[in-house]
Amino acid sequence: MIGQHAHGTCTASAALILLFALAAQVHGAAQDPSTRSGQAYPSRPVRMVAAFAPGGSVDVVARLLAQKLSERWGQQVVVDNRPGAGGNVSAEIVARAPNDGHTIYICSASFVVNPSLYGKTLYDPVRDFAPVSLVSRVQNVLVAHPALPAKSVKELIGLAKAKPGQIHYASTGSGTSGHLVMELFKSMSGIDLVHVPYKVIGQAQADLIGGQVSLWFPTAPGALPHIQAGRMRALAVAGANRSPALPELPTVSEAGVPGFDASTWYALLAPANTPLPVVTKVNGDVASILKQPEVHERLTAMAIEIVGGSPEELARHIRSEMPKWARVVKQSGARVD
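Residues numbered from 1 in each chain as written. Predicted model: local features only at pLDDT ≥ 70, side-chain atom pairs only at ≥ 80, totals over all residues. Heavy atoms only, no water.

### Some points on the sheet that holds strand S5 (residues 141-144)
For the record, the criterion: Strand pairing is defined by DSSP finding a minimum of two bridges between the two strands. Secondary structure elements follow DSSP: runs of H or I no shorter than four residues count as helices, runs of E no shorter than two count as strands, and numbering proceeds from the N terminus.
With mixed pairing, the five strands of this open sheet are ordered in space as S7-S6-S8-S5-S9. Sheet topology places strand S7 (194-197) and strand S9 (233-237) at the edges, where each strand pairs with a single neighbour. Relative to S9, S5 runs antiparallel, the two sharing four bridges. By the bridge assignment, Leu142 is partnered in S9 with Ala236.

Here it is in structure tokens:
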């Protein structure tokens, strides 16, 4: 009897342990959104399509995220640079990709500008993509040649109104961020400046430093060394908030053009109808990565500001940015060279 009782107790205990183990597995699957489809995500290497060529800010952010996601997921995340047509080539590739989460997309603000700038694209930023997360932004900085008699935004606006059509500004081509940000500045401040487009960033930079043109709206990472060396005079940053890289510099909005906001942002998206549990997982993992001190330090050192946010916030951001830049493109007559 004692032996039978002990045997029965052991059997019952074993059954109870098995029941708890199964319950824990079910609970874990319920908590992990990547298992709700019946298969863990990612189940194979993930392709991260990058909108621009290696070496630029988008590529830097993409490779840092890919490294950290690979470590987190135990699957390789491969950066696939697909430059061309201001980001259209990469966007079209992702729009046609399978929506199982194994293709994700990192792009810049050109993603929402291009449908207006090119007249027609083979993708729709809203219909063909699932927003995942804003990732980071890079400030555009309003810089002037040191000889220009304007040391603030208000002084520049006053000078430009006194000399309409006589002050020249550089950009790296029609429809680029530097061009459209300056056109927004012109429109909101009511001034007339002359656009001088360059095909190579080095030439635009050299001509500003040499005084052949007086103004430019480059991004902070490239402009910072020249500002610090005194070769360019920084007047303001274009975003809604001051830049940690140039904390003493006011925003354009603070400096005299209320409501001005035109930073260059980077975002992560997936093909439309990517399962919500996958989007949720990628968003959560990216959010955790962006909070890592090492990631913060590396990006901040390059004047790249961490943003983050939910898929819903990115969706709202895309919907608000599209009409804003469509108006700028229309008013400026910007076209692709």
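### Details of the packing of aromatic side chains
Heads up, the condition is: Ring pairs are drawn from Phe, Tyr and Trp, using the six-membered ring of Trp, whenever the two centres fall within 6.5 Å, and their geometry is named by plane angle: stacked under 30 degrees, edge-to-face over 60, tilted for the rest. Burial classes follow relative accessibility: with a 1.4 Å probe on protein chains only, a residue under 20% of its type's maximum area counts as buried, one over 50% as exposed, and anything between as partly exposed.
Within this structure, the stated rule accounts for nine aromatic pairs. With centroids separated by 6.2 Å and ring planes inclined at 85°, the aromatic side chains of Phe185 and Phe260 adopt a geometry described as edge-to-face. Of this pair, Phe185 sits in helix H6 (residues 177-189) while Phe260 sits in the loop between helix H9 (252-255) and strand S10 (264-271), placing them 75 residues apart in sequence. Residues Phe185 and Phe260 agree in their burial class; the two are buried. Clustering of aromatic rings is evident, with ring pairs tying together Tyr105, Phe111, Tyr123 and Phe129.

### Notes on helix H10 (residues 276-290)
To be explicit about the condition: A helix's residues, less one, multiplied by 1.5 Å, set its expected span. What makes two residues a contact is simply this: any of their non-hydrogen atoms within 4.5 Å.
Between its first and last C-alpha, H10 extends 21 Å over 15 residues, near the 21 Å set by a 1.5 Å rise per residue. Turning to H10, its buried residues number three or more, namely Val278, Val279, Lys281, Val282, Asn283, Asp285, Val286, Ile289 and Leu290. Among the structural elements, helix H2 (57-73), strand S4 (129-138), S10, helix H11 (293-300), strand S11 (304-306) and helix H12 (311-332) are those in contact with the buried residues of H10.

### Brief notes about the packing of H6 against H12
Any two packed helices are characterised by the angle at which their axes cross and by the distance between the axes. Worth spelling out the cut-off: Between N-to-C directions, angles span 0 to 180 degrees; the directions come from axes that are lines fitted to C-alpha atoms, helices contributing only their stretch in contact. What sets the label is the angle itself: under 35 degrees gives roughly parallel, over 145 gives roughly antiparallel, 65 to 115 gives roughly perpendicular, and the rest give oblique. In the scheme used here, Gly and all other residues not listed as nonpolar or charged are polar, with Ala, Val, Leu, Ile, Met, Phe, Trp, Tyr, Cys and Pro taken as nonpolar and Asp, Glu, Lys and Arg as charged.
One way to put it is that H6 packs onto H12 with a least axis distance of 10 Å and a crossing angle of 80°. Classed by the angle they form, the pair H6 and H12 counts as roughly perpendicular. On H12, the residues that touch Leu180, Val181, Glu183, Leu184 and Ser187 of H6 are Trp325, Val328, Val329, Gln331 and Ser332. Among the residues making up the contact of H6 with H12, the classes are represented as six nonpolar, three polar and one charged.

### Section: unusual backbone geometry
The step from Tyr41 to Pro42 runs through a cis peptide bond, and the omega angle for that step is -5°. For Pro42, the position within the fold is in the loop between helix H1 (2-31) and strand S1 (46-50). Positive phi values are uncommon outside glycine, yet Asn273 reaches one of about 70°. Along the polypeptide, Asn273 turns up in the loop between S10 and H10. A relative accessible area of 68% means that Asn273 is categorised as exposed.

### Examining the nonpolar core
The nonpolar side chains of a soluble globular protein tend to be buried with one another. Applied cut-off: Only buried residues count toward a nonpolar core, which is a set of Ala, Val, Leu, Ile, Met, Phe, Trp, Tyr and Cys residues joined through side-chain atoms within 4.5 Å.
Counting residues in each nonpolar core, the largest one holds 51 residues, and the members touching the most others are Tyr105, Phe111 and Phe185. Excluding residues that lie within four positions of it along the chain, Phe185 makes contacts with Leu142, Val153, Leu156, Ile157, Ile191, Phe217, Val252, Val257 and Phe260. Val46, Leu69, Val77 and Leu290 belong to the second-largest nonpolar core, a separate cluster that totals 32 residues.

### As for the pairing of S10
In terms of burial, S10 is largely enclosed, as eight of its eight residues are buried. Inspection of the sheet shows strand S3 (residues 103-108) paired to S10 by four bridges, in the antiparallel sense. Across the sheet, Cys107 pairs through a bridge with Ala267, a residue of S10. Inspection of the sheet shows S4 paired to S10 by eight bridges, in the antiparallel sense. Across the sheet, Phe129 pairs through a bridge with Pro271, a residue of S10.

### Re the pattern of salt bridges
Just so we agree on the cut-off: The working definition used for a salt bridge is a side-chain nitrogen of Lys or Arg within 4 Å of a carboxyl oxygen of Asp or Glu.
Counted under the stated rule, the structure contains 13 salt bridges. As a salt-bridge pair, Arg44 and Asp100 come within 2.6 Å of each other at their nearest N and O atoms. Remark: Asp100 occurs in the loop between helix H3 (88-95) and S3 and Arg44 occurs in the loop between H1 and S1; sequence separation between them is 56 residues. When its relative accessible area of 39% is taken as the criterion, Arg44 is described as partly exposed. Taking relative accessible area as the criterion, Asp100 reaches 27% and is therefore assigned partly exposed. With a closest N to O distance of 2.7 Å, Glu294 and Lys68 form a salt bridge.

### What about the side chain of Asp128?
Put simply, the test is: Definition of a polar contact: a pair of N or O atoms within 3.5 Å, with one able to donate and the other able to accept a hydrogen when the atoms are protein atoms, and with sequence-neighbouring residues admitted only if both atoms are side-chain atoms.
With respect to the element layout, Asp128 can be found in the loop between helix H4 (110-117) and S4. Classification of Asp128 by relative accessible area gives buried; the value is 15%. A distance of 2.7 Å separates a polar side-chain atom of Asp128 from the backbone nitrogen of Asp124. Side chain to side chain, Asp128 and Arg127 meet in a polar contact 3.0 Å long. Excluding residues that lie within four positions of it along the chain, Asp128 makes contacts with Ala95, Leu122, Tyr123, Ala270, Pro271 and Ala272.

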